[in-house]
Amino acid sequence: MMRPKALALLVDLDGTLRRWDPEVIHGIEAAHDLKPGSLYGTAMDWSRLMPAIIGEITHDEWADLIAADLADQTGDPDRARAAVKEWENYRGSVEPGLLALIRDARGAGIKVGLATNATDLLDTDLRTLGLSDEFDAVINSSVLHIPKPAPEYFGAACIALKTPPNRVLLIDDSARFVYGARAAGLSAHRWTGPSDLPYIRAALGL
């Protein structure tokens, strides 16, 4: 049986709508004598990241934990704090083709939600990136206190968009989140880059 056309779109932020340039981050690490990959590896450690993305600690508290861990690695707390501060000041850039698709979808009457595991810095990030007015709903795990790919997360996202799961399409760069969305009854496409845009447009009838 053919799945009904999506009436709403959920778009992931990091790695999908927001791009991070690894050379920028590697440059920060080099400038502060950190090993390549140490900033990302320390920040993304699940025991440190999870409390931040479910709202148990703030973004600033998460950053302090990252700096403390890097200080233990390097033996230089001041340099570790400076590296984390510089890393925090870099907020990435927006994928223009996907943003154009979002605008076209909304113009065609398709509801669009941002679906992200994020800290309490998200609203500030959206203003910095010029994205504050680009969505009909923002589903932030740290506000919901539930992360992707929990079924309850996707259920809340569908409620926010006032659309049943089988009429919602998720775009996400994480295979685990794509599978989680499908298990919750949504359609889902794994984002690999701008070459995916024609397929997504076709799926939405744009």
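Just so you know, these numbers come straight off a predicted model, no measurement behind them.

### Some points on the pairing of strand β5 (residues 137-140)
Bridge analysis of strand β4 (residues 111-116) against β5 gives four bridges, and the strand direction is parallel. Considered in β5, the bridge of Thr116 is made with Asn140. Following the backbone out of β4, through helix α7 (residues 122-129) and into the adjacent parallel β5, one traces a crossover that is right-handed.

### Points about the packing of helix α6 (residues 96-107) against helix α11 (residues 197-204)
Put simply, α6 and α11 touch, their axes get as near as 11 Å, and they point 10 degrees apart. Overall, the two elements α6 and α11 adopt an arrangement that is roughly parallel. Along its contact with α6, which presents Gly97, Leu98, Ala100, Leu101 and Asp104, the element α11 presents Leu197, Ile200, Arg201 and Leu204.

### Considering the sheet that holds β4
Ordered in space as β5-β4-β1-β6-β7, the five strands form an open sheet in which the pairing is parallel. The two strands at the open ends of the sheet, each matched to only one other strand, are β5 and β7 (187-190). Taken over all neighbouring pairs, the strand axes of this sheet differ in orientation by 20 degrees on average, direction set aside. Here four bridges tie strand β1 (residues 8-11) to β4, and the two strands are oriented parallel to one another. Bridging across to β4, Leu9 finds its partner in Val112. Lying on the sheet, helix α10 (residues 175-183) is in contact with β6 (168-172) and β7; it crosses β7 at an angle near 170 degrees.

### So, the side chain of His59
With respect to the helices and strands, His59 occurs in helix α4 (residues 59-74). A relative accessible area of 7% places His59 in the buried class. Once residues lying within four places of it in the same chain are set aside, the contact partners of His59 are Glu88, Thr119, Asp120 and Leu121.

### Let's talk about α11
Each turn of an α-helix holds 3.6 residues, which means side chains three or four residues apart point in the same direction. For α11, the complete set of buried residues consists of Leu197, Ile200 and Leu204. Buried residues in α11, looked at end-on, bunch into an arc of 65 degrees, giving them a common side. Exposed and facing more than 90 degrees away from the buried side of α11 are Pro198, Tyr199 and Ala202. Just downstream of α11 lies Gly205, where phi reads positive at about 75 degrees.

### A look at the layout of surface pockets
One number sums up the size of the largest pocket: a volume of about 900 Å³. Surrounding the largest pocket, 33 residues form its lining, Asp14, Trp20, Tyr40, Met44 and Asn117 being those nearest its centre. Ranked by residue count, the leading element in the lining of the largest pocket is helix α1 (residues 22-31), at four residues. Each residue belonging to the lining of the largest pocket can be placed in one class, and the counts come to 14 nonpolar, eight polar and 11 charged. Counted as a void, the second largest pocket has a volume near 230 Å³. In terms of lining, the second largest pocket is formed by 15 residues, of which the most central are Arg3, Pro4, Leu169, Ser187 and Ala203. Mapped onto the lining of the second largest pocket, the elements with two or more residues apiece are β6, β7 and α11. Tallied by class, the residues present in the lining of the second largest pocket amount to nine nonpolar, three polar and three charged.

The rules behind these values
Residues numbered from 1 in each chain as written. Predicted model: local features only at pLDDT ≥ 70, side-chain atom pairs only at ≥ 80, totals over all residues. Heavy atoms only, no water. Pairing = 2+ DSSP bridges. Helix = DSSP H or I, 4+ residues; strand = E, 2+ residues; numbered from the N terminus. Right-handed = clockwise from strand over helix to strand, strands pointing away. Axes fitted to C-alpha atoms, helices over the stretch in contact; angles between N-to-C directions. Parallel < 35°, antiparallel > 145°, perpendicular 65-115°, else oblique. Contact = heavy atoms within 4.5 Å. Buried < 20%, exposed > 50% of the residue type's maximum accessible area, 1.4 Å probe, protein only. Arc of directions from axis to C-beta. 1 Å grid on protein atoms, 1.4 Å probe; cavity = no way out; pocket = protein on both sides within 12 Å on 5 of 7 lines; lining within 4 Å. Points joined across faces, edges and corners; volume = space filled by probe spheres on them. Nonpolar A, V, L, I, M, F, W, Y, C, P; charged D, E, K, R; others polar.

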